[in-house]
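The chain contents come next:
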Amino acid sequence: MVHQYKNNGYNMVLDVESGSVHVVDDLTYDVIALFENNSLEEVQSQLGQYESKDVKEAYEEVAELKDMGVLFSEDDYEDYICEFKKRPTVVKALCLHIAHDCNLACRYCFAEEGEYQGDRSLMSAEIGKKALDFLIANSGNRCNLEVDFFGGEPLMNFDVVKEIVAYGRSLEEEHNKNFRFTLTTNGMLLNDDIMEFANKEMDNVVLSVDGRKEVHDYMRPTPNGKGSYDIIIDKFKKFAEQRHQEKYYVRGTFTHHNLDFSQDVFHLADEGFKQISVEPVVGPDAEEYTIKEADLPQVMEEYDKLASEMVKRNNEGKGFTFFHFMIDLTGGPCVAKRLSGCGSGTEYLAVTPWGDLYPCHQFVGEDEFLMGNVNDGIKKDDIVSEFKATSVYSREACRDCFARFYCSGGCSANSYKLNGTINGTYDIGCQLERKRVECALMIKAAQMTEKESSNEE
Amino acid sequence: MKHIKTLTNKTLKSTVKKGGCGECQTSCQSACKTSCTVGNQVCENNK
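Remember, it's a predicted structure, so these values are computed and weren't measured experimentally.

**A few points about the overall build of chain A**
Tallying secondary structure elements over chain A gives 16 helices and 15 strands in all. Over its C-alpha trace chain A gives a radius of gyration of 24 Å, about what one expects of a compact globule, namely 23 Å for 457 residues. Here the C-alpha coordinates of chain A stretch approximately 75 × 50 × 45 Å along the principal axes. Counting only residues that meet the buried cut, chain A has 60% of its 457 residues in that class. Sequence separation of at least 24 residues holds for 71% of the intrachain contacts in chain A that already meet a minimum separation of 6. On chain A, the mean spot of the 48 positive side-chain charges and the mean spot of the 82 negative ones are 5 Å from each other.

**Considering helix α6 (residues 158-175) of chain A**
Residues and elements named next belong to chain A. With 18 residues, α6 should cover 26 Å at 1.5 Å per step; its first-to-last C-alpha distance of 26 Å lies within 8% of that length. When α6 is considered as a whole, its buried residues turn out to be Phe158, Val160, Val161, Ile164, Val165, Gly168, Leu171 and Glu172. Seen end-on, α6 carries its buried residues on one side only, within an arc spanning 135°. The exposed set on the far side of α6, more than 90 degrees from its buried face, consists of Asp159, Ser170, Glu173 and Glu174. In this fold, the buried residues of α6 make contact with β4 (93-100), α5 (125-137), β6 (144-151), β7 (178-185), α7 (192-201) and β8 (202-208). Of the residues trailing α6, Asn176 is marked for its positive phi of about 55°.

**What to know about the packing of α5(A) against α6(A)**
All names here are of chain A. One can describe the packing of α5 onto α6 by two numbers: an axis separation of 9 Å at closest approach and a directional angle of 30°. Taken together, the axes of α5 and α6 are roughly parallel relative to one another. Every pair of crossing elements has a handedness; the one defined by α5 and α6 is right-handed. Of the residues in α6, those touching α5 at Ala125, Gly128, Lys129, Leu132, Asp133 and Ile136 are Val160, Glu163, Ile164, Tyr167, Gly168, Leu171 and His175. Its residues placed into classes, the contact of α5 with α6 shows seven nonpolar, three polar and three charged.

**Structural notes on the packing of helix α1 (residues 26-35) of chain A against helix α3 (residues 52-68) of chain A**
Between two packed helices, both the angle of their axes relative to each other and the distance between the axes serve to describe the pair. Residues and elements named next belong to chain A. At a minimum axis separation of 9 Å, α1 and α3 run at an interaxial angle of 60°. Classed by the angle they form, the pair α1 and α3 counts as oblique. Between α1 and α3 lies a crossing whose hand is right-handed. Contacts between α1 and α3 involve Leu27, Thr28, Val31, Ile32 and Phe35 on the former and, on the latter, Asp54, Val55, Ala58, Tyr59, Val62, Ala63 and Lys66. In terms of residue class, the contact of α1 with α3 is made up of nine nonpolar, one polar and two charged.

**Notes on the packing of aromatic side chains**
All names here are of chain A. One pass over the full model with this rule turns up 19 aromatic pairs over all chains. An aromatic cluster is present here, built from Phe254, Phe261, Tyr303, Phe322 and Phe325 joined pairwise through their rings. Just above the ring of Tyr29 sits the side chain of Lys6; from NZ or CZ to the centre is 4.6 Å.

**Some points on the interface of chain B and chain A**
At the interface, 43 residues of chain B touch 83 residues of chain A. In total, about 5200 Å² of surface goes out of reach between chain B and chain A, with carbon and sulfur atoms giving 53% of it. Three residues, His3(B), Leu7(B) and Leu12(B), lead the burial of chain B against chain A; their summed loss comes to 15% of the area buried on that side. For Lys2(B), the salt bridge is made with Glu57(A), and the minimal N-O distance between the two is 3.1 Å. Taken together, chain B and chain A are joined by 27 residue pairs in polar contact (both at pLDDT 80 or more). Taken together, the residues that form the side of chain B that touches chain A break down as 14 nonpolar, 21 polar and eight charged. Pairing analysis gives four bridges linking strand β3 (residues 20-24) of chain A to strand β1 (residues 4-8) of chain B, with the strands arranged antiparallel. For Val21(A), the partnering residue across the bridge sits in β1(B) and is Thr8(B).

**What to know about helix α13 (residues 381-388) of chain A**
Residue and element names in this part refer to chain A. For α13, the set of buried residues is Ile383, Val384 and Phe387. Taken end-on, α13 shows its buried residues confined to a sector of 100°, consistent with a single buried face. Of the exposed residues in α13, the ones pointing more than 90 degrees away from its buried face are Asp381 and Asp382.

**Quick word on the side chain of Glu153(A)**
Residues and elements named next belong to chain A. Within the element layout of this structure, Glu153 appears in the loop between β6 and α6. At 6.5 Å, Arg220 is the nearest oppositely charged side chain to Glu153, a buried residue that forms no salt bridge. With residues near it in sequence (within four places) discarded, Glu153 still touches Ala99, Asp101, Cys102, Asn103, Thr184, Thr185, Asn186 and Gly187.

Reading the values: rules and limits
- Residues numbered from 1 in each chain as written.
- Chains lettered and ligands numbered in written order.
- Predicted model: local features only at pLDDT ≥ 70, side-chain atom pairs only at ≥ 80, totals over all residues.
- Heavy atoms only, no water.
- Helix = DSSP H or I, 4+ residues; strand = E, 2+ residues; numbered from the N terminus.
- Rg over C-alpha atoms; globule rule 2.2 N^0.38 Å.
- Buried < 20%, exposed > 50% of the residue type's maximum accessible area, 1.4 Å probe, protein only.
- Contact = heavy atoms within 4.5 Å.
- Lys, Arg positive; Asp, Glu negative; His and termini not counted.
- Charge placed at Lys NZ, Arg CZ, Asp CG, Glu CD.
- Expected span 1.5 Å × (residues − 1).
- Arc of directions from axis to C-beta.
- Axes fitted to C-alpha atoms, helices over the stretch in contact; angles between N-to-C directions.
- Parallel < 35°, antiparallel > 145°, perpendicular 65-115°, else oblique.
- Left-handed = near helix turned anticlockwise from the far one by under 90°.
- Nonpolar A, V, L, I, M, F, W, Y, C, P; charged D, E, K, R; others polar.
- Phe/Tyr/Trp six-rings, centres within 6.5 Å; stacked < 30°, edge-to-face > 60°.
- Lys NZ or Arg CZ within 6 Å of the ring centre and 35° of its normal.
- Buried area = accessible area lost by both parts, 1.4 Å probe.
- Salt bridge = Lys/Arg side-chain N within 4 Å of Asp/Glu carboxyl O.
- Polar contact = N/O pair within 3.5 Å; in protein donor to acceptor, adjacent residues only side chain to side chain.
- Pairing = 2+ DSSP bridges.

Structure, rendered in structure tokens:
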């Protein structure tokens, strides 16, 4: 399957199944659109606006790439993925809900101010340690184990975070494991001691900030209705610098209220942040803040604006990373990873403050997805099986989608919340994902062109 | 080639044989937590 599109002056051609990406001239772009169903003579007659010899030349180049397996390649992965999914399940990542409590009252919070359809609660060190024991016991021979401190707001229970980290470190050598801890925080309680600890122990930190002050303050107020931007922004800047502008993300959410979100990304870049993620809100359709179908043209335009500005800033030596535009064309993940789904309910589980296990953080509080707990392990194997069976091939809408090698079939939780099944897709999310892949590939093309022209100089 | 510039010739098909070791990051542990993003993740075998 070939996906071709024009973006920012580039004629882009993605060979979906091989992952190869080509930039072509106008003539070849037109030839590729006709190539599969037409002979050379037919293509020449349909493209009368070009010289026949030029059409022949382009046609032959396309044929050569096809022979090389980097254009018009076939999807022959389905049996492989189905077999791959049958392998024994191991758990390699936990999302620890350290605190079902929060010191902000964000309007779009899927955790309902940290409560997740339950009561406010903090995880004890004992439960946290048992969660790590559970992880090690169920991780087979996987060496790298990930543990995210999540909430609510995890810094409301920071002493327990420290204790769990120390416990994890004490287990590594004996079990031949390497814990990669991460922390997601709104920054309200962040201080020098916490930063020092996190710089030593946290593989990644995710710092929640939505962008421009007015945007952030509207969606992320304190419980008494005041803005939180001024409380967190300088701390985040300091934190990012201490981490040498690596291994962190400032992470924002855009909503129906800031459809011009490229301005929020640029704001964060102008404030000096180099690792930026600003992502579309996901929520019930009825909520006024969600992205509506009618918003999509503007959102698409914003992604284009963002991508072309990123190319410009990169050429000026002022580049930054935008999480959703990151694509590694040469060292990225294998096909098994790309097509077998996100790992929720199998490799990745969420742990509540009282030790219950759920398929992921977004399912916490949904009673039918309660899988077991850290004391007794997984009790509902049918839930594991249900999640294990999800992949790109289990979702009908993915089969013809060019972006399926980049999103792995999308988010099961989004699907469940919108369709009542984990095996569906979230159409607005899919449309945005496709746009982001297009932009990301264009940026790669622009970088290659820039590199070539600077080599020529 | 005169008409085509190829950004990457590496085909995903070559990852079938040795892929699937599972040592890489879980997608939601990166930054997203609300979407599924795997195309940007690093293969631990290529490090």
